[in-house]
Amino acid sequence: QVQLVESGGGLVQAGGSLRLSCAASGRTFSSYAMGWFRQAPGKEREFVAAISRSGGTTYYRGSVKGRFTISRDNAKNTVYLQMNSLKPEDTAVYYCAASRRVAAYQDLDYDYWGQGTQVTVSS
């Protein structure tokens, strides 16, 4: 069982930055691929970024590539999402998730989810 707790969300102006953190419980954090998803009001949840167990491989949805960076610190059981050059369309609840799979890019690939943190980008 893995419990995930996100933090770092908030209100920021367009062009600004935020760093989200997701702290995981347990001693097996390094055995999970980790991902970030987001859900805007009235829209389906969508994949944002993922990182492999070691942190050596990362994946991004096209609209955030070059602006967002996912990273992890296995010693601290934490995964991060650095978000730069934020746009109003990035406004959403952001969720982190853990997957037992080697590669995971969609909801169904993930086994554990956090409660989400709100990110609001004003224009």
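In this text, all values refer to a predicted model and were calculated from it rather than measured experimentally.

Caption draft 1: Focus on the nonpolar core. Residues L4, M34, W36, L81, M83 and Y94 are the most contacted members of the largest nonpolar core, which totals 29 residues. At the level of secondary structure, the elements contributing two or more residues to this core comprise β3 (18-24), β4 (33-39), β5 (46-51), β7 (68-73), β8 (78-83), β9 (92-99) and β11 (117-122). Every residue in contact with L4, bar those within four places of it in the chain, is listed here: C22, A23, A24, M34, C96, A97, A98, Y112, W113, G114 and Q115. Core analysis: the next-biggest nonpolar cluster, separate from the first, contains 6 residues, F37, A50, A97 and Y110 among them.

Caption draft 2: Focus on the packing of aromatic side chains. Counted by the stated rule, this structure contains 7 aromatic pairs. On the basis of an interplanar angle of 80° and a centroid distance of 5.7 Å, the ring pair of F37 and F47 is categorised as edge-to-face. You can see F37 sitting in strand β4 and its partner F47 sitting in strand β5, a full 10 residues away along the chain. Members of the aromatic cluster, connected to one another through ring pairs, are F37, F47, Y59, Y105, Y110 and W113.

Caption draft 3: Focus on the pairing of β11. Alternating positions in β11 separate cleanly, T117, V119 and V121 being buried on one face and Q118, T120 and S122 remaining unburied on the opposite face. Taken together, the 4 bridges between strand β2 (residues 10-13) and β11 define a ladder with parallel strand orientation. Counted as the bridge partner of Q13 is S122 from β11. In this structure, β9 lies alongside β11, joined through 3 bridges in antiparallel fashion.

Caption draft 4: Region of interest: the pattern of salt bridges. The full count for this structure, using the stated rule, is 7 salt bridges. The shortest N-O distance in the salt bridge between D107 and R45 comes to 3.0 Å. Here the residue D107 occupies a position in the loop between β9 and β10 (112-113), and R45 occupies one in the loop between β4 and β5, the gap between them amounting to 62 residues. Judged by relative accessible area, R45 falls into the partly exposed class, the value being 30%. With a closest N to O distance of 2.8 Å, D90 and R67 form a salt bridge. Here D90, found in the loop between β8 and β9, pairs with R67, found in the loop between β6 (58-60) and β7; they are 23 residues apart in sequence, far enough to count as distant. A relative accessible area of 1% places D90 in the buried class. Using a relative accessible area of 11% as the deciding quantity, one classes R67 as buried.

Rules of the game
Residues numbered from 1 in each chain as written. Predicted model: local features only at pLDDT ≥ 70, side-chain atom pairs only at ≥ 80, totals over all residues. Heavy atoms only, no water. Core = buried A, V, L, I, M, F, W, Y, C linked by side-chain atoms within 4.5 Å. Buried < 20%, exposed > 50% of the residue type's maximum accessible area, 1.4 Å probe, protein only. Helix = DSSP H or I, 4+ residues; strand = E, 2+ residues; numbered from the N terminus. Contact = heavy atoms within 4.5 Å. Phe/Tyr/Trp six-rings, centres within 6.5 Å; stacked < 30°, edge-to-face > 60°. Pairing = 2+ DSSP bridges. Salt bridge = Lys/Arg side-chain N within 4 Å of Asp/Glu carboxyl O.

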